[in-house]
Amino acid sequence: MGNYSLWSVVKHGLTGNKGWKPVWRKAAPKPSYDVIIVGGGGHGLATAYYLAKEHGITNVALVERGLIGQGNVGRNTTIVRSNYLLPENARFYEWSLKLWEGLSQELNYNVMFSQRGVLNLAHTPMQLDQYAQRGNAMRLNGIDAELLGREDIARLCPGIDLSLNARFPIEGGLFQPRGGTARHDAVAWGYAYAADGMGVDIVENCEVLGFIREGDTIIGVNTSRGEIRAPKIGVAVAGMTSEVMRKAGVETLPIESHILQAFVSEPVKPLIDTVVAFGAGHMYVSQSDKGGLVFGGNLDSYNSYAQRGNLPIVHEVVAELLAVFPNLGRLKLLRSWGGVMDMSMDGSPIITTGPLPGLFLNCGWCYGGFKATPGSGWCFAWTIAHDEPHARNAAFTLERFHAGAVIDEKGAGAAPRLH
Ligand SMILES: Cc1cc2nc3c(=O)[nH]c(=O)nc-3n(C[C@H](O)[C@H](O)[C@H](O)COP(=O)(O)OP(=O)(O)OC[C@H]3O[C@@H](n4cnc5c(N)ncnc54)[C@H](O)[C@@H]3O)c2cc1C
């Protein structure tokens, strides 16, 4: 740790940049650990880091079936915000946002967190009233929120079509100034770098193929690189949750896997200086440091484990982008890709002990998992270290689905494609 500084950049620059060490070791698995984390996405890596940093548990293996950063953590549209309505989510996501604010310094790795603000557009007076309600709830929860009029939006984002004869005229919007974006793969690499520095073994190309049981208790994993045992095993595999948990004998979970696509345009000069979310459908856009417009929208609503989606969503999302920014009509689409999303039945996450002794589960991230990365890792590490949830994730249990105490942020019910 601690080897990224102005001094080290100058020193390595003067010696031909030949002395840099790999960001993390390519660890081989040992036969046993205190904790095994399954899944080298943002959540698994952050959990391993906070286990070491906050709880002094460093005898940890993080096992990843491929290379770290190739799952959803490296596929998302990088939006970070905490503009939630319900207190359980507001509390949790605001805690996560606070962790983001010091993350680059804490990890000694630049995750390029940019607090450029997140603007949700309202297209009807009723929607603006709903945003006023959400903004008030946010402020009561200690979260920054500003209700903007059309003139404010014109100042904030001059490229937006504010004409009254637009297809979906803009009435105003809800703005969270502390929201923004971060460089997604740097988040995976930064957590890997910091966790490795404290002794965590990051074991790549190590797929979990099954679980070792002693009665009902899970005591290890069978992997493509052999058997590994530990008294505590945390599973954070996002869209593969149902498949991996089935290997432990857990057949039913309130999770569905769906594809979410993302798109990036050819690079252009600075045009969109904040994150803009269209309110008459589902589309969100920001501009990357390289100049490409990064945008996304709705799920491909069928279930799938393919990391690619279909053309109708491309048409839908591009049409929504052009409804707000008609000036982009001649821009070329550079790339598109998809990720497998772990959609929970109420749109809120699960960070819990169980569902079997020895096992801990982190999933159900829906559209919110990237912004949750630091908070999720922090809470999951606490839950594993203490064998019970922290107050910040106490509501994110599996029991809530049995008890009917769901956290239905969008009021959409058990319909993942609407969350
Ligand atoms: C296109 C898209 C856009 C998104 N946009 C945003 C956004 O703007 N803001 C936001 O907050 N969220 C966004 N999300 C959601 C967010 O990216 C995810 O919720 C979050 O990354 C999921 O957690 P993770 O990083 O741990 O998942 P992942 O990176 O998917 O990590 C899970 C890991 O588990 C591994 N794994 C699976 N099975 C096994 C096995 N058997 N053995 C070992 N390892 C295994 C996988 O290889 C993978 O690396 C978006 C997602 C997508 C797909």
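Right above here is the structure, for reference.
(A) Quick peek at the overall build of the protein chain. When helices and strands are tallied, the protein chain shows 11 helices and 19 strands. A compact globule built from 419 residues should have a C-alpha radius of gyration of about 22 Å, and the protein chain, at 22 Å, falls within 12% of that. Each of the three principal axes of the protein chain carries a C-alpha extent, and together these read 65 × 65 × 40 Å. Within the span of the protein chain, comprising 419 residues, buried residues form 56% of the whole.

(B) Local environment of the sheet that holds strand β15 (residues 283–287). Overall, mixed pairing links the 8 strands, which are arranged β5-β6-β4-β14-β15-β16-β13-β17 in an open sheet. The open sheet has two free edges, formed respectively by β5 (146–148) and β17 (333–344), since each of these has just one partner strand. On average, adjacent strands in this sheet sit at an angle of 25° to one another, irrespective of strand direction. Note: strand β13 (residues 255–265) against strand β16 (residues 293–303), 6 bridges, orientation antiparallel. Following the sheet pairing, A262 is matched in β16 by G296. Its contacts with the sheet place helix α9 (residues 311–324) against β4 (118–122), β13, β14 (275–278), β15, β16 and β17, and it is angled at close to 140° to β16.

(C) A look at the packing of aromatic side chains. Summed over the entire model, instances satisfying the criterion amount to 17 aromatic pairs. When the ring of W95 is compared with that of W378, the centres are 5.1 Å apart and the planes differ by 75°; the resulting orientation is edge-to-face. Taken together, the positions of W95 in helix α3 (residues 87–101) and W378 in helix α10 (residues 373–386) put the pair 283 residues apart, joining distant regions of the chain. Judged by relative accessible area, which is 12%, W378 ranks as buried. Looking at R392, its charged tip hangs above the ring of W95, at a distance of 3.7 Å from the centre. Geometry around W378 places R392 over its ring, the cationic atom sitting 5.0 Å from the centre.

(D) The site of the ligand, seen in detail. Close to the ligand lie 37 residues; E64, N72, V73, T77 and K371 are nearest. In this structure, an oxygen atom belonging to the ligand sits 3.4 Å away from a main-chain N or O atom of T78. At 3.3 Å from an oxygen atom of the ligand is found a main-chain nitrogen or oxygen belonging to G369. Expressed as a share of its isolated accessible area of 1,000 Å², the protein-covered part of the ligand is 97%. Taken together, the elements giving at least two residues each to the shell around the ligand come down to α2 (42–55), β13 and β17. Here the shell around the ligand gets 3 residues from one element, more than from any other, and that element is β13. Of the residues contributing to the shell around the ligand, the split by class is 18 nonpolar, 14 polar and 5 charged.

The rules we used
- Residues numbered from 1 in each chain as written.
- Predicted model: local features only at pLDDT ≥ 70, side-chain atom pairs only at ≥ 80, totals over all residues.
- Heavy atoms only, no water.
- Helix = DSSP H or I, 4+ residues; strand = E, 2+ residues; numbered from the N terminus.
- Rg over C-alpha atoms; globule rule 2.2 N^0.38 Å.
- Buried < 20%, exposed > 50% of the residue type's maximum accessible area, 1.4 Å probe, protein only.
- Pairing = 2+ DSSP bridges.
- Axes fitted to C-alpha atoms, helices over the stretch in contact; angles between N-to-C directions.
- Contact = heavy atoms within 4.5 Å.
- Phe/Tyr/Trp six-rings, centres within 6.5 Å; stacked < 30°, edge-to-face > 60°.
- Lys NZ or Arg CZ within 6 Å of the ring centre and 35° of its normal.
- Near = heavy atom within 4 Å.
- Polar contact = N/O pair within 3.5 Å; in protein donor to acceptor, adjacent residues only side chain to side chain.
- Areas by Shrake-Rupley, 256 points an atom, 1.4 Å probe, with all protein chains shown as cover.
- Nonpolar A, V, L, I, M, F, W, Y, C, P; charged D, E, K, R; others polar.

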